Amino acid sequence: MLDQLKETIIALSTAPGVGAIAVIRLSGDDAIAITNSVFRGKNLLNQESHTAHFGTIRNEEGEIIDEVVATLFIAPKSFTKENVVEISCHGSPYIVQRLIKLFLRKGVRLAKAGEFTQRAFLNGQFDLAQAEAVADLINADTEASHKAAINQMRGGFSEQIKQLRAELIHFASMIELELDFGEEDVEFADRDDLKKLVNQLLSVITTLVSSFDLGNVIKNGVPTVIAGKPNTGKSTLLNALLNEEKAIVSDIAGTTRDFIEDEINLEGVVFRFIDTAGLRDTEDKVEAIGVQRTKEKMKQASLIIYMFDLKNDSLTEVNRDINMLENLGIPFIKVGNKVDEAQADLYAEMQKDESTLFISAINREGLEALKSKLVDTVNLDNFKSGDTVVTNIRHYDNLVQTQNSLNAVLSGLGDNITGDFLALDIRHALRFLGEITGQITTDDLLANIFSKFCIGK
Ligand SMILES: Nc1nc2c(ncn2[C@@H]2O[C@H](COP(=O)(O)OP(=O)(O)OP(=O)(O)O)[C@@H](O)[C@H]2O)c(=O)[nH]1
Ligand SMILES: [Mg+2]
């Protein structure tokens, strides 16, 4: 791994394809020297860090490949803390390819996915959780996900975790010291203090764990299933929300067979709407498969828009459906459609329940109220107040594991178990916490994380 680190790596850092400018990045001990060997205009070896230089790059025959600007970052004042050169050339894939090939002949090698960020991490530029936030930041496409990624990249909950972990290490070493004394009955680690610390840790970690619901929504959007009987107007609503004729609408019950989905961004949160086959018992084979899929989709949803038909449904049917949804245990919004042709008695009855919304999907009436209700259910307010939110599933997994180990420590303390068992559970907790920030790493863990990055990052 260390030898690999010394090699100078290269990759296109801008998006592939034609553009005004493309940026090729090199990082490693020899980045500047190698660039200098093909660069004409100035001696790059005599230049200061953070300076940009115009010149030409020529191949072995002296032929000009392109006019470029080379920006120098001298170690350790660069993203990777190594020597870095960023070459801005004309944004033609042909030129980029010729330049990279020239550099490969000069002894650099192609960077692997995420290798620049991995080097930055290994050289101590930031911790692992922050490195992962770099990837999130690149993929962020809403205000909320952008904010969460920036937050995490700038330190987020890493500091908090490192601090608590340091205190726990102190206890672990005290208990292990006790073990060294073997038979003698000594207690260096005060059990009451340990209990206090573990409780404190648990409360912080529990808050972080429960923030993941929101974090996941911020990062991946809210899968929202539109469900209801055939012909209630589900596809009409989807089209109205998306502002396009995405789904086929007809007055034939059972029009939608497979599910259709698309996203919209409401106040910085992405909702992934899934229009489904109407729920009913049917003899039609294809439709029956669709209904089965609807039921599965509903179980996976974070939110269900339950739509009923004010024109055609009976109160008994609606109540039965609502009952079924309550048993499902997934948050749902009740929406009565076709308010323009509503049966007076059903409408009056349903209006008694203040949480029910009434819309006319076909006339686009009541959609704004529905949209604000959707946003309300996500409850972004927590996030806006600057609370730390866990958005990464790996961090979430580790936090849950830490929680389990700490609970084991607590119950061990309750049962007065011996120091060696306590030490074991504490060590587990330490490992799970350390893996979040990268204080403990394995090659597998790193490979797994950085391979998800794009090449050039
Ligand atoms: N009066 C009235 N008719 C509506 C409204 N919304 C939809 N419709 C009509 O209801 C019929 C069914 O609409 P769809 O959107 O296809 O209903 P669906 O729930 O997707 O039906 P399936 O795909 O069969 O499950 C169509 O004829 C629509 O024009 C509304 O707000 N008012
Ligand atoms: Mg439909």
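Residues numbered from 1 in each chain as written. Chains lettered and ligands numbered in written order. Predicted model: local features only at pLDDT ≥ 70, side-chain atom pairs only at ≥ 80, totals over all residues. Heavy atoms only, no water.

*Asks:* For this particular structure, what's the right way to read the UniProt feature "binding site: K(+)" (unreviewed entry) in the protein chain?
*Replies:* Here, the residues flagged by UniProt with the feature "binding site: K(+)" (unreviewed entry) are Asn 231, Ser 250, Ile 252 and Thr 255. In terms of the greatest pairwise C-alpha distance, the residues named above, spread along 25 residues, form a tight cluster of at most 7.8 Å across. As for its position among the elements, Ser 250 is in the loop between helix H10 (234–242) and strand E9 (260–266). Those residues in contact with Ser 250 that lie beyond four places of it in its chain are Asn 231 and Thr 255. Among the polar contacts listed, one links the side chain of Ser 250 to the backbone nitrogen of Ile 252, at a separation of 3.0 Å. Assignment of secondary structure puts Ile 252 in the loop between H10 and E9. (UniProt positions renumbered as here; feature names shortened; annotations may be inferred. Helix = DSSP H or I, 4+ residues; strand = E, 2+ residues; numbered from the N terminus. Contact = heavy atoms within 4.5 Å. Polar contact = N/O pair within 3.5 Å; in protein donor to acceptor, adjacent residues only side chain to side chain.)

*Asks:* Is there a simple way to explain the sheet that holds E9 in this structure?
*Replies:* Strand pairing in a sheet relies on backbone hydrogen bonds. The paired strands run either parallel or antiparallel. Taken together, six strands build an open sheet; the order of strands is E9-E10-E8-E11-E12-E13 and the sheet is mixed. Strand pairing shows two members of the sheet lacking a second neighbour, E9 and strand E13 (357–358), which therefore form its edges. Where strand E8 (residues 222–228) and strand E11 (residues 303–309) come together, five bridges link them in parallel fashion. Counterpart to Val 225 in the pairing with E11 is Ile 304. Contacts from helix H11 (residues 285–300) reach E8, E9, strand E10 (269–275) and E11 within the one sheet, and its direction differs from that of E8 by about 140°. (Pairing = 2+ DSSP bridges. Axes fitted to C-alpha atoms, helices over the stretch in contact; angles between N-to-C directions.)

*Asks:* Please explain the packing of aromatic side chains as it appears in this structure.
*Replies:* Remark: the centre distance and the inter-plane angle together describe each pair of aromatic rings, the angle taken between the planes. Within this structure, the stated rule accounts for six aromatic pairs. Ring plane angle 20° and centroid distance 4.2 Å describe the contact between Phe 212 and Tyr 396, whose orientation is recorded as stacked. Taken as a pair, Phe 212 in helix H9 (residues 212–220) and Tyr 396 in helix H16 (residues 393–414) lie far apart in primary sequence, 184 residues in all. Residue Tyr 396 is classed as partly exposed on the basis of its relative accessible area of 24%. Taken together, a centroid distance of 6.1 Å and an interplanar angle of 15° make the contact between Phe 271 and Phe 273 stacked. You can call Phe 271 buried: its relative accessible area is 0%. The class for Phe 273 is buried, based on a relative accessible area of 0%. A cation over a ring is seen here: Arg 25 above Phe 116, with NZ or CZ 4.3 Å from the ring centre. (Phe/Tyr/Trp six-rings, centres within 6.5 Å; stacked < 30°, edge-to-face > 60°. Buried < 20%, exposed > 50% of the residue type's maximum accessible area, 1.4 Å probe, protein only. Lys NZ or Arg CZ within 6 Å of the ring centre and 35° of its normal.)

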